[in-house]
Amino acid sequence: MKEVGSHCCITKDPLFTDHVLTEAAARASAEMFSMFSGEPITDFNKAYRYGSYRLFVASTIGHLGKGVRIRLPACFVHAVRQLWPSTNYRGFSSSEAYDV
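The following paragraphs examine the structure supplied in this document.

About the criteria used
Residues numbered from 1 in each chain as written. Predicted model: local features only at pLDDT ≥ 70, side-chain atom pairs only at ≥ 80, totals over all residues. Heavy atoms only, no water. Core = buried A, V, L, I, M, F, W, Y, C linked by side-chain atoms within 4.5 Å. Buried < 20%, exposed > 50% of the residue type's maximum accessible area, 1.4 Å probe, protein only. Helix = DSSP H or I, 4+ residues; strand = E, 2+ residues; numbered from the N terminus. Contact = heavy atoms within 4.5 Å. Axes fitted to C-alpha atoms, helices over the stretch in contact; angles between N-to-C directions. Parallel < 35°, antiparallel > 145°, perpendicular 65-115°, else oblique. Left-handed = near helix turned anticlockwise from the far one by under 90°. Nonpolar A, V, L, I, M, F, W, Y, C, P; charged D, E, K, R; others polar. Disulfide = S-S within 2.5 Å.

**Quick look at the nonpolar core**
Side chains of nonpolar character tend, in soluble globular proteins, to be buried together.
At step 1: Ranked by size, the top nonpolar core spans 18 residues in total, and within it Phe16, Leu21, Phe56, Leu72 and Phe76 carry the most contacts.
At step 2: Only α2 (23-37), α3 (44-60) and α4 (74-83) provide two or more residues apiece to this core.
At step 3: The biggest single contributor to this core is α3, with 5 residues.
At step 4: Here Leu21 is in contact with Thr11, Phe16, Phe76, Ala79, Val80, Leu83 and Trp84, once residues within four sequence places are set aside.

Structure, rendered in structure tokens:
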């Protein structure tokens, strides 16, 4: 899934909408992270957002390494927040920002 076609936003690509931006994919990613970290899921919307972000990075860029953060495309973040909303978002924070 390294190449997403000629869409202006990755969220318009059928491969992305069918395999990344789904509840099943977000849940699987969130459950896997919970299992590896030992942290139980208490807020499903937050866990699904985080699972979607991790899945996006893994499927488009690959492993970044511990502590390496990148700024995700705004259209993707907006789509995820529409699906799994919250009243409080942290936003992007990093000592060094890398744009995708």
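**Quick notes on the packing of α3 against α4**
Helix packing for two helices is described by the angle between their axes and how far apart those axes are.
At step 1: Direction vectors running N to C along α3 and α4 enclose 150 degrees, while the axes themselves pass 10 Å from each other. Of the possible angle classes, the one that applies to α3 and α4 is roughly antiparallel. With respect to the hand of their crossing, α3 and α4 are arranged in right-handed fashion. Contacts between α3 and α4 involve Arg49, Ser52, Tyr53 and Phe56 on the former and, on the latter, Phe76, Val77, Val80 and Arg81.
At step 2: Tallied by class, the residues present in the contact of α3 with α4 amount to 5 nonpolar, 1 polar and 2 charged.

**Regarding the state of the cysteines**
At step 1: Tallied over the full model, the rule gives 1 disulfide.
At step 2: Shown here is the disulfide that connects Cys9 with Cys75, its sulfur atoms set 2.0 Å apart. Between Cys9 and Cys75, the disulfide has an S-S torsion of 105 degrees and is therefore right-handed. Of this pair, Cys9 sits in the segment before α1 (14-19) while Cys75 sits in helix α4, and the two are 66 residues apart along the sequence.
At step 3: A relative accessible area of 29% places Cys75 in the partly exposed class.

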